[in-house]
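Read off the chains here:
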Amino acid sequence: MDWITIFSTTIKSAVGVETVLYGIAAIGLNVHFGYTGLLNFGQAAFMGVAGYGLAVTVVVLGMPFWAGIIFGLIAAVILAFLLGIPTLQLRADYLAIVTIAAAEIVRLVFRSVQFKDVFGGSDGHRGFTEGFYALNPYPTGNYGFNLGPIPLFFNHRTMWVITVGWVLIALACLIVHLLMKSPWGRVLKAIREDEDAVRSLGKSVFSYKMQALVLGGVIGSLGGFIYGLGYASVQPDVFGTETTFYMYTMVILGGAARVLGPVIGSMLFWVLLVLIYGVLSEAVRVGYITFMDTNQVGALRWILVGAGLILLLVYRPQGIFGDKREIAIDAR
Amino acid sequence: MHAETMSTDRKAAALAAFKDLARDPGVPKPDPILVVDHVVRRFGGLTAVDVGHVEIQRGSITALIGPNGAGKTTFFNQLTGFDTADAGSWTFNGRSMNGVPAHKVARSGMVRTFQLTKALSRLTVLENMRLGAQKQKGENFWRALVPRVWRAQEDEITERAEELLARFKLDAKRDDFAGSLSGGQRKLLEMARALMVNPELVMLDEPMAGVNPALTQSLLGHVKDLREQGMTVLFVEHDMDMVRDISDWVIVMAQGAVIAEGPPSTIMSDQRVIDAYLGAHHDAPLSEGELEAQLQEAEAALEAEIEEETQK
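Keep in mind that what you see is a predicted model, and the values were worked out from it rather than measured.

**Quick word on the overall build of chain B**
Then, in step 1: Across its full length, chain B carries 12 helices and 10 strands.
Then, in step 2: Taken along the three principal axes of its C-alpha coordinates, chain B extends 85 × 50 × 50 Å.
Then, in step 3: Every one of the 312 residues in chain B was classed for burial, and the buried ones make up 48%.
Then, in step 4: Contacts in chain B between residues far apart in sequence, at least 24 positions, make up 68% of those at least 6 positions apart.
Then, in step 5: Approximately 15,000 Å² of chain B is accessible, and the part contributed by carbon and sulfur atoms is 52%.
Then, in step 6: For chain B, the distance from the average position of its 34 positive side-chain charges to the average position of its 46 negative side-chain charges is 14 Å.

The following block contains the structure:
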């Protein structure tokens, strides 16, 4: 067994591109679900419109990188309004239905043959990241250190993406922290508990829910940018519903309505996934496991991660950072 | 001592206002804070509320009573903007309020509580209270990001919240989650939270439902206290002892309409009210034959019982 490689990939995954992009999008989802109680099952769509906003602006319209970022952000805000205006007046479960449907519509439009000229069909777009990597301050090479025998190195491109990513995560966490300690955040949390009570105290519930939807959507869209830049491409099927469900897993894993919850949740999620995959595929390769081949390991790891999550929810339903007292109140 | 005299003054003033009023539904009051005209709410074929004309006297405690399904809570919902009326108009302090959304109704000074208490469970008691304060600078998204802007106001709000909590004897619970309070304490919290809005008219939907007797007295005291502080109270209640104890005036609803008004001491002997609660012919047999049958049935039951006793 090649334990060095297993540990190297596992530790790197704790801070890698996937952790960053999912973590930041999950912070946005935490604003929706954790703080405001909005059941948004379309977070992937916010990532998608941002990633595509960037790609289409640069590739199809031939405009510079920054214009792409701005269009991506605008697209996320517009999506929030489109989702919010018809549904935020309704009960929570309607928002869930509409968001999941809207996210699928967005994905299917991106991959449709009709709009292949604009969105590139199921292949998506590539070649829009030059503007970003032109800003890269890291000279070509590998960066990192050896942790004992374990090498932990990223190349200069990945370094640049995850540096920007972690700065964005820090900023998003800071903003969420400030907001949720303020009276504004108090109104959001109160809406999560009981909308009518908040109305009876003279607050415009609709307006606050819309603000929360836009804020969480814009933070989520940053995850979409990181995806597009990190993988130097956007494809429609990356922004499917399972992406949203992974983010829910991370939010709950870390502890809903906790500032760092989604970030830690994302790290844990990817570390577990990479570790299990590494160990199992090595075991198959070396011959310790004979009843399946390397291709099946990919499916089995999801089964094991699922089982692990079930155990977590049974024994620690509040997540890593959650407060057990809150769960006890919920059960009443 | 001073408070005592003031208390009797306010009560006396309220009672004096009602002294010579007729007992008819919709009777005009000398100084109404809330005037309701022809409010109708239908659910499909069912007319839940159809109130012709009602006025609520300023500075008084008015009870709204009626049998189950009389439409009291629905009426409350119409007035406070939680449900839209099919027809009708009402004014609060002379301002037309129909079609005004619930949060604007609350801002204008008309604040309600709910039959099923709505404590914000996973917020602390103190946060529940702070939420009630109006015109908070920190409730604006951009200003919320700069604590310096709202910190001073937050301190003021906290101080006011703590005073109210002390008055409602919830100060020991200030840092507990509201969800951990007992039913009665939640009622107290909800009332205290409503006061944070600085309302002119407090509308309480069954403030005593599910409250244990020990807390009832304290709640009653708080409701009376609202009037002493110059607020107007309108409440829905089933407990007639409470209605008699604290209200200055009683409005009776049945089948969606206001059927009678009057002082609490005499309202329950009003024939219209008795009919509404018990049915117009509740004590009359339906026919001569049925009366006979009822008598025989009772006699037979009695005889059977006696026989059983003697056999033992």
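**Focus on the overall build of chain A**
Then, in step 1: When helices and strands are tallied, chain A shows 15 helices and four strands.
Then, in step 2: Since a compact globule built from 332 residues should have a radius of gyration of about 20 Å, the 21 Å found for chain A is in line with a globular shape.
Then, in step 3: When its C-alpha atoms are laid out on the principal axes, chain A stretches across 65 × 50 × 35 Å.
Then, in step 4: Expressed as a percentage of its 332 residues, the buried residues of chain A come to 53%.
Then, in step 5: By element, 68% of the accessible surface of chain A is carried by carbon and sulfur atoms, the whole surface being about 14,200 Å².
Then, in step 6: Seen as two clouds, the 21 positive and the 18 negative side-chain charges of chain A have centres 7 Å apart.

**Some thoughts on the side chain of glutamate 206 of chain B**
All names here are of chain B.
Then, in step 1: Within the fold, glutamate 206 resides in the loop between strand 7 (201-205) and helix 8 (213-228).
Then, in step 2: Here glutamate 206 sits buried without a salt bridge, and the closest side chain of opposite charge, lysine 72, lies 5.4 Å off (N-O distance).
Then, in step 3: Within the structure, the side chain of glutamate 206 is placed 3.4 Å from the side chain of histidine 238, a separation counted as a polar contact.
Then, in step 4: If we ignore the near neighbours within four places in the chain, the residues touching glutamate 206 are Gln115, Lys187, Val236, Glu237 and His238.

**Describing the environment of asparagine 77 of chain B**
All names here are of chain B.
Then, in step 1: Among the secondary structure elements, asparagine 77 is positioned in helix 2 (residues 72-79).
Then, in step 2: Taking the C-alpha atoms as reference points, asparagine 77 and arginine 112, 35 residues apart in sequence, are found 9.2 Å from one another.
Then, in step 3: Setting aside residues up to four positions removed in sequence, asparagine 77 forms contacts with Phe82, Asp83 and Arg112.

**Describing the nonpolar core**
Then, in step 1: Ranked by size, the top nonpolar core spans 104 residues in total, and within it Ile27, Leu54, Trp184, Ile219, Phe239 and Phe269 of chain A carry the most contacts.
Then, in step 2: In terms of residue count, helix 11 (residues 205-231) of chain A provides more of this core than any other element does, 13 residues in total.
Then, in step 3: For this core, the domains that each give at least three residues are domain 1 (2-119 + 181-280) and domain 2 (122-180) of chain B.
Then, in step 4: Residue contacts for leucine 54 of chain A: discarding those within four places in its chain leaves Phe65, Gly68, Ile69, Phe128, Phe225 and Leu229 of chain A.
Then, in step 5: By size, the runner-up hydrophobic cluster in this structure holds 43 residues, among which are Leu188, Val202, Phe235 and Val252 of chain B.

**Focus: the pairing of strand 1 (residues 32-43) of chain B**
Residue and element names in this part refer to chain B.
Then, in step 1: By the bridge criterion, 10 bridges tie strand 1 to strand 2 (residues 46-57) in an arrangement that is antiparallel. Following the sheet pairing, arginine 42 is matched in strand 2 by threonine 47.
Then, in step 2: What sits between the antiparallel neighbours strand 1 and strand 2 is a turn of two residues, in which glycine 44 has the positive phi angle 60°.
Then, in step 3: Looking at chain direction, strand 1 and strand 4 (residues 87-92) are connected through five bridges and run antiparallel. Within strand 4, the position partnered with valine 35 by the bridge is threonine 91.

**Things to note about a nonpolar patch on the surface**
Then, in step 1: On the surface, Val59, Val60, Leu61, Met63, Ile70, Phe71, Ile74, Ile78 and Leu82 of chain A cluster together to form a nonpolar patch covering roughly 780 Å² of accessible area.
Then, in step 2: The element contributing the most residues to the nonpolar patch is helix 4 (residues 65-87) of chain A, with five residues.

**A word on the interface of chain A and chain B**
Then, in step 1: Across the contact, 32 residues belong to chain A and 36 residues belong to chain B.
Then, in step 2: Between chain A and chain B, the buried area comes to about 3,100 Å², and carbon and sulfur atoms account for 63% of it.
Then, in step 3: The largest contributions to the chain A side of the interface with chain B come from Arg186, Leu201 and Ile329 of chain A, which together make up 23% of the buried area.
Then, in step 4: For the pair chain A and chain B, the interface holds five salt bridges.
Then, in step 5: Between arginine 186 of chain A and glutamate 154 of chain B there is a salt bridge, with its nearest N and O atoms 2.8 Å apart.
Then, in step 6: The interface formed by chain A and chain B holds 12 residue pairs in polar contact (both at pLDDT 80 or more) in total.

**Considering the packing of aromatic side chains**
Residue and element names in this part refer to chain A.
Then, in step 1: Counted by the stated rule, this structure contains 26 aromatic pairs over all chains.
Then, in step 2: Consider the rings of phenylalanine 269 and tryptophan 270, whose centres lie 5.4 Å apart with planes at 85°: the pair is edge-to-face. In this structure, phenylalanine 269 and tryptophan 270 share a single accessibility class: buried.
Then, in step 3: Sitting over the ring of phenylalanine 154, lysine 12 keeps its end group 5.4 Å from the ring centre.

**Quick word on the pattern of salt bridges**
All names here are of chain A.
Then, in step 1: Enumeration over the complete set of coordinates arrives at 29 salt bridges over all chains.
Then, in step 2: Note that glutamate 193 is salt-bridged to arginine 192, the shortest N-O span being 3.0 Å. The same class applies to glutamate 193 as to arginine 192, namely buried.
Then, in step 3: Linked by salt bridges that have partners in common, Glu104, Arg107, Arg111 and Asp237 make up one network.

How each quantity is defined
Residues numbered from 1 in each chain as written. Chains lettered and ligands numbered in written order. Predicted model: local features only at pLDDT ≥ 70, side-chain atom pairs only at ≥ 80, totals over all residues. Heavy atoms only, no water. Helix = DSSP H or I, 4+ residues; strand = E, 2+ residues; numbered from the N terminus. Buried < 20%, exposed > 50% of the residue type's maximum accessible area, 1.4 Å probe, protein only. Contact = heavy atoms within 4.5 Å. Areas by Shrake-Rupley, 256 points an atom, 1.4 Å probe, with all protein chains shown as cover. Lys, Arg positive; Asp, Glu negative; His and termini not counted. Charge placed at Lys NZ, Arg CZ, Asp CG, Glu CD. Rg over C-alpha atoms; globule rule 2.2 N^0.38 Å. Salt bridge = Lys/Arg side-chain N within 4 Å of Asp/Glu carboxyl O. Polar contact = N/O pair within 3.5 Å; in protein donor to acceptor, adjacent residues only side chain to side chain. Core = buried A, V, L, I, M, F, W, Y, C linked by side-chain atoms within 4.5 Å. Domains from an automatic or database assignment. Pairing = 2+ DSSP bridges. Patch = residues over 30% accessible without salt bridge, like charges linked within 9 Å, V, L, I, M, F, W, Y side chains within 5 Å. Buried area = accessible area lost by both parts, 1.4 Å probe. Phe/Tyr/Trp six-rings, centres within 6.5 Å; stacked < 30°, edge-to-face > 60°. Lys NZ or Arg CZ within 6 Å of the ring centre and 35° of its normal.

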